[in-house]
Amino acid sequence: MLFESSRLALRKISVDDIQIYHKWRNNLEVMYSTSPYLDVYSSDETESFVNNVILGSQTSKSYIMIDKETKVNIGIVSLINIDYKNQNAECIIDIGEKEYWGQGYGAEGLGLLLDYAFFELNLHRISLKVYSFNEKAIRLYERIGFQKEGVSRESLFRNNHWHDIIHMGVLKEEYTLTQE
Ligand SMILES: CC(C)(COP(=O)(O)OP(=O)(O)OC[C@H]1O[C@@H](n2cnc3c(N)ncnc32)[C@H](O)[C@@H]1OP(=O)(O)O)[C@@H](O)C(=O)NCCC(=O)NCCS
C-alpha cells in the first residue's frame, strides 16, 4: 500500500515537526554520517531551515517515518531536486532514533519512498550521495538495486580527514525492493 508498510507509515512533514527534527539535527551520532556541516544548531536555526529549505522547497517532498504500532516518529525520508521533465530525483533517508537502526527500518522506509517515486510519480531514476565510510548505508542501497556511479574524491572533511562521496543511482527497472 502507498505510504504504509508492515511496520511503518509516512506522513508529510509539517511545522509541527520542527522540535523532533531539531532533536535529530543536534544528534551528532546521527548527523556524522549524513550531514556535510556539523554544528550545535539553535532552535531558531532549525526553525528557519525547516521552513525555508524543507517546507519552502517546490522541488522536494519530505516525510516523517512513523512506527505504526507505537506512533513513534523514527526519522525522515525525502525526495529532493525532483525533475518531472527528466523524471528523476535524489533521495535521502535519516533514521533519527538510533534504537531503530539495524532492524530493517531503513529498507522499509526507503522502499515506501521509492515505491511512491517510481509507481506513482512515475520517476525513471533516483540517485543519492553517501559518504564512503557509511558502509551500512551503502550495503542497504546496493540491496535495493542502487549502483555505484561515481566518486567525488576527498570532498567531505570530517574528523580531520578527507573522505570520498560516492554517487549512486537506481533506474526504475533495476529497483528490487517494492513494498507492493
Ligand atoms: C543508514 C540507515 C538509513 C540504515 O538503515 P537501517 O535500518 O539501520 O538499515 P537496515 O536495517 O535496513 O540494514 C542494516 C542491517 O540490519 C539488518 N536487517 C535488515 N532487516 C532486518 C530485520 N527485519 N531485523 C533485524 N535486522 C535486519 C540488515 O541485514 C542489515 O545488516 P547489514 O548492514 O549487516 O547488511 C540508518 O542507519 C541511518 O539513518 N543512519 C544515520 C543517518 C545516515 O547515515 N543516513 C544515510 C545517509 S546517506
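Let us look at the structure shown here.

Conventions adopted
Residues numbered from 1 in each chain as written. Predicted model: local features only at pLDDT ≥ 70, side-chain atom pairs only at ≥ 80, totals over all residues. Helix = DSSP H or I, 4+ residues; strand = E, 2+ residues; numbered from the N terminus. Rg over C-alpha atoms; globule rule 2.2 N^0.38 Å. Buried ≥ 20, exposed ≤ 12 C-beta atoms within 10 Å, placed from the backbone. Near = placed C-beta within 6 Å. Nonpolar A, V, L, I, M, F, W, Y, C, P; charged D, E, K, R; others polar. Axes fitted to C-alpha atoms, helices over the stretch in contact; angles between N-to-C directions. Parallel < 35°, antiparallel > 145°, perpendicular 65-115°, else oblique. Left-handed = near helix turned anticlockwise from the far one by under 90°. Contact = placed C-beta atoms within 7 Å. Arc of directions from axis to C-beta. Core = buried A, V, L, I, M, F, W, Y, C linked by C-beta atoms within 7 Å. Pairing = 2+ DSSP bridges. Right-handed = clockwise from strand over helix to strand, strands pointing away.

**Quick word on the overall build of the protein chain**
(1) Moving on: Counting its secondary structure elements, the protein chain contains 5 helices and 7 strands.
(2) Moving on: Its helices and strands taken in sequence order, the protein chain reads β-α-α-α-β-β-β-α-β-α-β-β from the N to the C terminus.
(3) Moving on: Radius of gyration (C-alpha) of the protein chain: 16 Å, near the 16 Å computed for a compact globule of 180 residues.
(4) Moving on: When the 180 residues of the protein chain are sorted by exposure, 26% land in the buried category.

**Section: the environment of tyrosine 37**
(1) Moving on: Within the fold, tyrosine 37 resides in the loop between helix H2 (28-31) and helix H3 (43-54).
(2) Moving on: For tyrosine 37 and isoleucine 144, which are 107 residues apart along the polypeptide, the C-alpha to C-alpha distance reads 27 Å.

**Examining the site of the ligand**
(1) Moving on: Near the ligand you find 20 residues, and of these Ser33, Ile95, Trp101, Gly104 and Gly106 are the closest.
(2) Moving on: Counting residues per element, the ones that place at least two in the shell around the ligand are strand S4 (88-95), helix H4 (105-119) and helix H5 (135-144).
(3) Moving on: Looking at which element gives the most residues to the shell around the ligand, the answer is H5, with 4 residues.
(4) Moving on: Here the shell around the ligand is built from residues that sort into 9 nonpolar, 8 polar and 3 charged.

**Things to note about the packing of H4 against H5**
Packed helix pairs are specified by the crossing angle of their axes together with the interaxial distance, meaning the distance between the axes.
(1) Moving on: Running from N to C, H4 and H5 point in directions that differ by 50°, and their axes come no closer than 10 Å. One way to sum up the angle between H4 and H5 is to call them oblique. Here H4 runs over H5; the crossing is right-handed. Where H4 abuts H5, its residues Gly106, Ala107 and Leu110 lie against Leu140, Arg143 and Ile144.
(2) Moving on: Of the residues in the contact of H4 with H5, the class split is 4 nonpolar, 1 polar and 1 charged.

**Here's the deal with the packing of helix H1 (residues 18-25) against H3**
(1) Moving on: In contact at an axis separation of 10 Å, H1 and H3 are set at 115° when each is read in the N-to-C sense. Judged by the inter-axis angle, H1 sits roughly perpendicular to H3. Read as a crossing pair, H1 and H3 show a hand that is right-handed. Along the contact surface, H1 presents Ile18, Tyr21, His22 and Arg25, while H3 presents Ser43, Thr46, Glu47 and Val50.

**A word on H1**
(1) Moving on: By the burial criterion, the buried members of H1 are Ile18, Tyr21, Trp24 and Arg25. Buried residues of H1, seen end-on, are gathered within an arc of 125° and therefore sit on one face of the element.
(2) Moving on: The elements touched by buried residues of H1 are H2, H3 and S4.

**What to know about the nonpolar core**
(1) Moving on: Judged by nonpolar contacts, the single largest core of 32 residues is most densely connected at Tyr63, Met65, Val77, Leu113, Ala117 and Ile126.
(2) Moving on: The greatest single-element share of this core, amounting to 7 residues, is contributed by H4.
(3) Moving on: Each residue touching valine 77, except ones within four places of it in the same chain, is listed here: Leu10, Tyr63, Met65, Ile92, Ile93, Gly109, Leu110 and Leu113.

**Brief notes about the pairing of S4**
(1) Moving on: Where strand S3 (residues 73-83) meets S4, 7 bridges bridge the pair, whose relative direction is antiparallel. Looking across to S4, one finds that valine 77 is bridged to isoleucine 93.
(2) Moving on: In this antiparallel pair of consecutive strands, S3 and S4, the connection spans 4 residues, and glutamine 87 shows a positive phi of 55°.
(3) Moving on: Here S4 pairs with strand S5 (residues 125-131) via 3 bridges, running parallel. The residue bridging asparagine 88 from the neighbouring strand is arginine 125, located in S5.
(4) Moving on: This β-α-β element, S4 to H4 to S5, shows right-handed connectivity.

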